[in-house]
Amino acid sequence: MAQESCADLIAAEDVLLFVNAAVTATGQREFRSAAGEQRLSLAFLHAYVRVNYRRVYAAVLALDINDHNAALVIRHLLASAGEADAEEKRAEGRLIAARLAVMAPQRVYRLLRALRAAKVNNRRTRAIFRDWLAARPDPAFDAVKYRGGLKAATRHAHLPPVEAELGDFLFRPGRRARYAHPLLDAHRRAHYEQAAVFELPFTVAEGFAARHGIPRAVFLERIAPRTTRLERLRTQSRAGAVPADLATMPLTRLALYVLSLGLDERARRRGELTGALRAAALRAAGPHAGTWGRISAVLDDSYSSSGSGQKRRRPLAVALACHFLLEALASGGAYRGRWTSGGGDPLLARPFGATPLGMRVLDALDDRPERLVIVSDGWDNAPPGLAGEVLRVWRRRLDPERRTRVVHLNPVYDADGFDVRRLAPSVPTAGIRDAEDLPALVEIAQFAEGRTGLAELYSYLDRRTADFTGSSR
Amino acid sequence: MTALDLTGLEAGPAQVWGGIRLVPLLRAEPVAGLRLTREAYGHPEGAEVRLAGRARYTSYIPHGFVADWSGEGPGAAYGTTLGDGVPDRMPLHRMAKRRPGDRLRFLPLHLALEGYLALHFGGPSVAWEEWSRTALRDGLSPRVESAYLGANVPQLADALRVFEILPGQCGVLVYAADALGAAFAVPHPDDYRALHATLLQDLFGELIHQYALYGRPVTEFTARLDDRHIRSLGDLRAAARGQERAWREAHDTVLAAELHATPYTFSRVHRMGGFALWRFLPPFQRGGAGRHIGETITDHQGRVAYLKTFRLSENQVRRGHLLRNLAAHDWHLGRCAEALGATPEELTRRIRRAGLSGLLRNPR
């Protein structure tokens, strides 16, 4: 490590900073910064990393970055194709294709529209989208549900429609008296026939239902088989809707749902909700379950964890999900979670009060854990900076042999700092968006401790890239 | 009563946003038997209050506070309406008005400001030849002062929005560039939570607005632990506790000294069971620390249950100083000038510059 140059250290720092930003930032309003500040800060970071570390910029597509940033990365890579050589382009193409395959279709269509607005239409772009569209399971479904998106994509990528019927549906509506494909025909009939509305996807059917004046309760009941998992979760509290199956929900999504309920309802459905959260956590932990030894966690439920109007209670939901996930990861009941408010019931967590992180860290260190996980937005304010000091003194005086491994996970991107906010230089910090990614993030956070060099970081990225492009083929 | 007794209110860890520092005031337990609620008024701009005699007080009055000492707990104040309610263009009657039951409605800050505006409002008490006819006939009327609305103080809105209210918090001190701008304390934490946002509709002195506008971001007083003597977790915990104590002491003796140590002139407005509503004026001495006017409700031991202050600007302090001195010397320019160590001509100039030239016979 001694012979490692200063430039290498800076490079490693820049890469980690970008990964943290790409995991957490979504360009939406946060508790302390507006959407505009977030986007401006993120745009700079993307440009900086793309120009200086193009290889890394592409490789982060293989990590658990959020879809907003994945779309941005793909857009910028395609727009700046001239800066890459042939070998890089091949690697980028593989990564982009693999990432598009796992992204939600509406996001891909939105990305395509953004590329169209930016007038990016090179051969590579067209080929990538041709392949992606060819891999879609049912073009007719896309034509109905993402009509505008598919239309723009077909036009922009100069693609002939797969079937003549589809072309007529998109570009010459009203030309045909009827369609052979049942979904396309249902869409035609739904203009005048109520029964046909219920053969359409939920979002499309909603518009027709409003036009036909179908009561909401009747609509929700009859459309149930056509709804997606998340649509069911969103509408299930309404009259007539079918209850969603909580057992199959991803962990963080489930935590968000739990927090959206009132305290009374949470208390009433305690068994059901706790069971669902535990099951989701076990699923997320996978092979790691029960292997992490003694864990203590400090979880932030201060007022700032209420997030913003756009990311409602997101930081608190991440903390709640982490609570259950860490419980599953710890070996046999050797887990203890401490909320900053001092509350003992995670299911009834609510964002309130200041952030006395320092005192809670002390409480957690009292348990003599093997791992200490801190989930917080890093605004330690009661008193300010105490957590950082406690961790510094602990590391220096009381635990110099590093028996306890400390990691800080931060769900909030700090637009002014171009990174997630840190507690102390000695504590590795990683951004987190979905609690499910926690094991992978803890792995990345170790690079931030400054004990592993750039070469190892690059080989880690290569390994993840190989896994990602290999597995999605 | 000559000073504010802030026993029971402890300063908590400060939170900083840009140039604004907010220091929470915590109570170990709420004041028993007193609650505050807010009643909003439909037309805050140019609202009028009828005072004693023919005097009128006109200002931006967005709401009044209702103090309830019946001990029955919080409830909607009499006259509270949901939604837009009645278009009450009617002038309010008196600054503090008894309501049915053990309730008193008063207008926060305006009560204190009116006390300041009414300072020697009657004008010259002896018709010396220097004073103008209007001054002798109408006194200082119309007496005008200006202040800034909290919403117009830069960064204050954001600072209040991201402020994390502490459990047990019953008040806050607002600093701009570390100058104390306002103190606000209520009897119960729930009242504070309900009234936290009303700071935006409060009045702030010119100085606070300028400091918030031009001041640089203030630094946080972050914790510093001396690690030389720490051998165990217990030591570490003790050192961390020491930090909290050190901040509290530093705050009370350095930052909030002008609130704790200044002798004020109190006048009682209303007696409410065991409590009393007062308004107070600072000593109008120029130079030195900030001068605050305000109103307070004290319990039977004189401890503060409710407090709201307004920081006067330098010019406002100067005007108060001149008026006090003139009145003390029966409005005789020569004697007053002598007491201030100046010549009558110089005093005349000072009166003019303070914006009180309407009092003088030859306004130039």
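Cut-offs applied
- Residues numbered from 1 in each chain as written.
- Chains lettered and ligands numbered in written order.
- Predicted model: local features only at pLDDT ≥ 70, side-chain atom pairs only at ≥ 80, totals over all residues.
- Helix = DSSP H or I, 4+ residues; strand = E, 2+ residues; numbered from the N terminus.
- Rg over C-alpha atoms; globule rule 2.2 N^0.38 Å.
- Buried ≥ 20, exposed ≤ 12 C-beta atoms within 10 Å, placed from the backbone.
- Contact = placed C-beta atoms within 7 Å.
- Expected span 1.5 Å × (residues − 1).
- Core = buried A, V, L, I, M, F, W, Y, C linked by C-beta atoms within 7 Å.
- Domains from an automatic or database assignment.
- Pairing = 2+ DSSP bridges.
- Axes fitted to C-alpha atoms, helices over the stretch in contact; angles between N-to-C directions.
- Nonpolar A, V, L, I, M, F, W, Y, C, P; charged D, E, K, R; others polar.
- Parallel < 35°, antiparallel > 145°, perpendicular 65-115°, else oblique.
- Left-handed = near helix turned anticlockwise from the far one by under 90°.
- pLDDT = per-residue confidence, 0-100.
- Right-handed = clockwise from strand over helix to strand, strands pointing away.

## With respect to the overall build of chain B
Counting its secondary structure elements, chain B contains ten helices and 18 strands. For 364 residues, the compact-globule estimate of 2.2 N^0.38 gives 21 Å, and the C-alpha radius of gyration of chain B, at 22 Å, lies within 12% of that figure. Taking the principal axes of the C-alpha coordinates as reference, chain B spans close to 80 × 50 × 35 Å. Among the 364 residues that make up chain B, the fraction classed as buried is 40%. Of the contacts made within chain B by residues no fewer than 6 positions apart, 67% connect residues no fewer than 24 positions apart.

## Some thoughts on the overall build of chain A
Counting secondary structure elements, chain A contains 23 helices and seven strands. Taking 473 residues into account, the globule formula puts the C-alpha radius of gyration at 23 Å, and chain A, at 24 Å, falls close to it. Each principal axis of the C-alpha distribution contributes one length, and for chain A these read about 80 × 60 × 40 Å. The burial tally for chain A puts 44% of its 473 residues in the buried class. The long-range share in chain A, meaning contacts at least 24 apart out of those at least 6 apart in sequence, stands at 69%.

## Some points on helix α4 (residues 67-79) of chain A
Between its terminal C-alpha atoms α4 of chain A stretches 18 Å, which fits the 18 Å expected from 13 residues at 1.5 Å a residue. Looking only at α4 of chain A, the buried set comprises Asn69, Ala70, Ala71, Leu72, Val73, Ile74, His76, Leu77 and Leu78 of chain A.

## Focus on the nonpolar core
By size, the foremost hydrophobic cluster in this structure holds 141 residues, and its most contacted members are Cys322 and Leu325 of chain A. Sorting elements by how many residues they give to this core places helix α19 (residues 314-329) of chain A first, with twelve residues. Counting the residues that make up this core, at least three belong to each of domain 1 (192-244) and domain 2 (251-453) of chain A. With residues up to four places along the chain from it excluded, the contact list for Leu325 of chain A reads Leu251, Ala281, Ala284, Ala285, Ala435 and Leu438 of chain A. Residues Ala67, Phe163, Leu277 and Phe280 of chain B belong to the second largest nonpolar core, which totals 77 residues.

## Looking at the domain arrangement of chain A
Each domain of chain A was delimited in the assignment, giving domain 1 (192-244) and domain 2 (251-453). Each of domain 1 of chain A and domain 2 of chain A has a C-alpha centre, and these two points are 38 Å apart.

## Re the sheet that holds strand β3 (residues 371-375) of chain A
Across a sheet, strands are paired by hydrogen bonds formed along the backbone, either parallel or antiparallel in direction. All names here are of chain A. Strands sit in the order β2-β1-β3-β4-β7 across an open sheet of five strands; the sheet is parallel. Either end of the sheet is taken by a strand with one partner, and the two such strands are β2 (335-339) and β7 (429-431). The mean angle between the axes of side-by-side strands here comes to 20°, regardless of whether they run parallel or antiparallel. Of the strand pairs in this sheet, strand β1 (residues 295-299) and β2 are connected by five bridges, and their pairing is parallel. Across the sheet, residue Ser296 finds its bridge partner in β2, namely Arg336. Strands in contact with α19 are β1, β2, β3 and β4 (405-410); relative to β1, the strand with the most contacts, it is inclined by about 175°.

## Structural notes on the interface of chain B and chain A
When the parts of a complex come together, some accessible area is lost, and that lost area is often taken as the interface size. Contacts between chain B and chain A engage 21 residues on the former and 26 residues on the latter. Element by element, the count of residues in the side of chain B that touches chain A is highest for helix α6 (residues 233-255) of chain B, at seven residues. Along the lines of polarity and charge, the residues of the side of chain B that touches chain A split into twelve nonpolar, three polar and six charged.

## Re helix α5 (residues 86-102) of chain A
Counted at 1.5 Å a residue, the expected span for α5 of chain A with its 17 residues is 24 Å, and the 25 Å between its end C-alpha atoms agrees. The set of residues buried in α5 of chain A consists of Glu92, Gly93, Leu95, Ile96, Arg99 and Leu100 of chain A.

## Thoughts on the environment of Asn121 of chain A
All names here are of chain A. Here Asn121 shows up in the loop between α6 (105-117) and α7 (123-135). Here Asn121 falls in the partly exposed class, since 13 other C-beta atoms lie within 10 Å of it. The spatial distance from the C-alpha of Asn121 to the C-alpha of Gly388 is 49 Å, given a sequence separation of 267 residues. In this structure Asn121 touches Arg126 and His156, once residues within four positions along its chain are discounted.

## Comments concerning the packing of helix α18 (residues 270-285) of chain A against α19 of chain A
All names here are of chain A. Contact pair α18 / α19: the axes reach a minimum separation of 8 Å and the direction vectors enclose 60°. By the angle between their directions, the pair α18 and α19 is classed as oblique. The two elements α18 and α19 cross, and the hand of that crossing is right-handed. Taking contact as the criterion, the partners of Leu277, Arg278, Ala281, Leu282, Ala284 and Ala285 in α18 are, on α19, Phe324, Leu325, Glu327, Ala328 and Leu329. Its residues placed into classes, the contact of α18 with α19 shows nine nonpolar, no polar and two charged.

## Brief notes about the sheet that holds strand β5 (residues 47-50) of chain B
Residues and elements named next belong to chain B. Taking strand neighbours across the sheet as the criterion, the three strands line up as β6-β5-β8 in an open arrangement whose pairing is mixed. Two strands in the sheet have a free side with no partner beyond their single neighbour: β6 (56-59) and β8 (92-93). With two bridges joining them, β5 and β8 adopt parallel strand pairing. Note that in β8 the partner of Val49 across the bridge is Leu92.

## Some details on unusual backbone geometry
Cis rather than trans, the peptide bond between Ala382 of chain A and Pro383 of chain A has omega equal to -10°. Within the secondary structure layout, Pro383 of chain A lies in the loop between β3 and α21 (386-398). Cis geometry is adopted by the peptide bond preceding Pro142 of chain B, which originates at Ser141 of chain B and carries an omega value of -5°. In this fold, Pro142 of chain B is placed in the loop between α2 (133-138) and β11 (148-149). The phi dihedral of Arg313 of chain A falls on the positive side, at around 55°, and the residue is not glycine. Among the secondary structure elements, Arg313 of chain A is positioned in the loop between β1 and α19. One non-glycine residue, Ala177 of chain B, lies in the positive phi region at around 50°.

## Digging into the confidence of the model for chain B
Chain-level pLDDT for chain B is 88 on average; 94% of the residues reach the 70-or-more range. Interface confidence for the predicted complex, given as ipTM, is 0.88, next to a pTM of 0.91.

## Overview of the pairing of strand β17 (residues 292-298) of chain B
Each regular strand displays side chains that alternate between the two surfaces of the sheet. Residue and element names in this part refer to chain B. Of all seven residues in β17, seven are buried, a share of seventy percent or more. One ladder, built from seven bridges, connects β17 with strand β18 (residues 304-311); its direction is antiparallel. Within β18, the residue paired with His292 across the bridge is Arg311. What sits between the antiparallel neighbours β17 and β18 is a turn of five residues, in which Gly302 has the positive phi angle 85°.

## Quick notes on the environment of Leu259 of chain A
Residues and elements named next belong to chain A. With respect to the secondary-structure elements, Leu259 resides in helix α16 (residues 251-260). On the neighbour-count criterion, Leu259 (23 C-beta atoms within 10 Å) is buried. Expressed as a C-alpha distance, the spacing of Leu259 and Leu347, which sit 88 residues apart in the sequence, is 8.0 Å. Sequence-distant contacts of Leu259, that is, excluding residues within four places in its chain, are made with Arg313, Leu316, Ala317 and Leu320.

## Quick word on the pairing of β4 of chain A
Residues and elements named next belong to chain A. Along β4, five of the six residues are buried, which leaves the element largely enclosed by surrounding structure. Tracing the backbone out of β3, into α21 and back to the parallel element β4 gives a crossover that is right-handed. One ladder, built from three bridges, connects β4 with β7; its direction is parallel. Paired with His408 across the two strands is Thr429, which belongs to β7.

## Considerations on the packing of α16 of chain A against α18 of chain A
The geometry of a pair of packed helices is captured by two quantities: the angle between their axes and the separation between those axes. All names here are of chain A. Packing of α16 against α18 brings their axes to within 9 Å, and their N-to-C directions diverge by 160°. In this view, α16 runs roughly antiparallel relative to α18, as classed from their interaxial angle. Once α16 is placed against α18, the crossing between them reads as left-handed. Only Leu273, Ala276, Leu277, Ala280, Ala281 and Ala284 of α18 make contact with α16, whose side of the interface consists of Leu251, Leu254, Ala255 and Val258.

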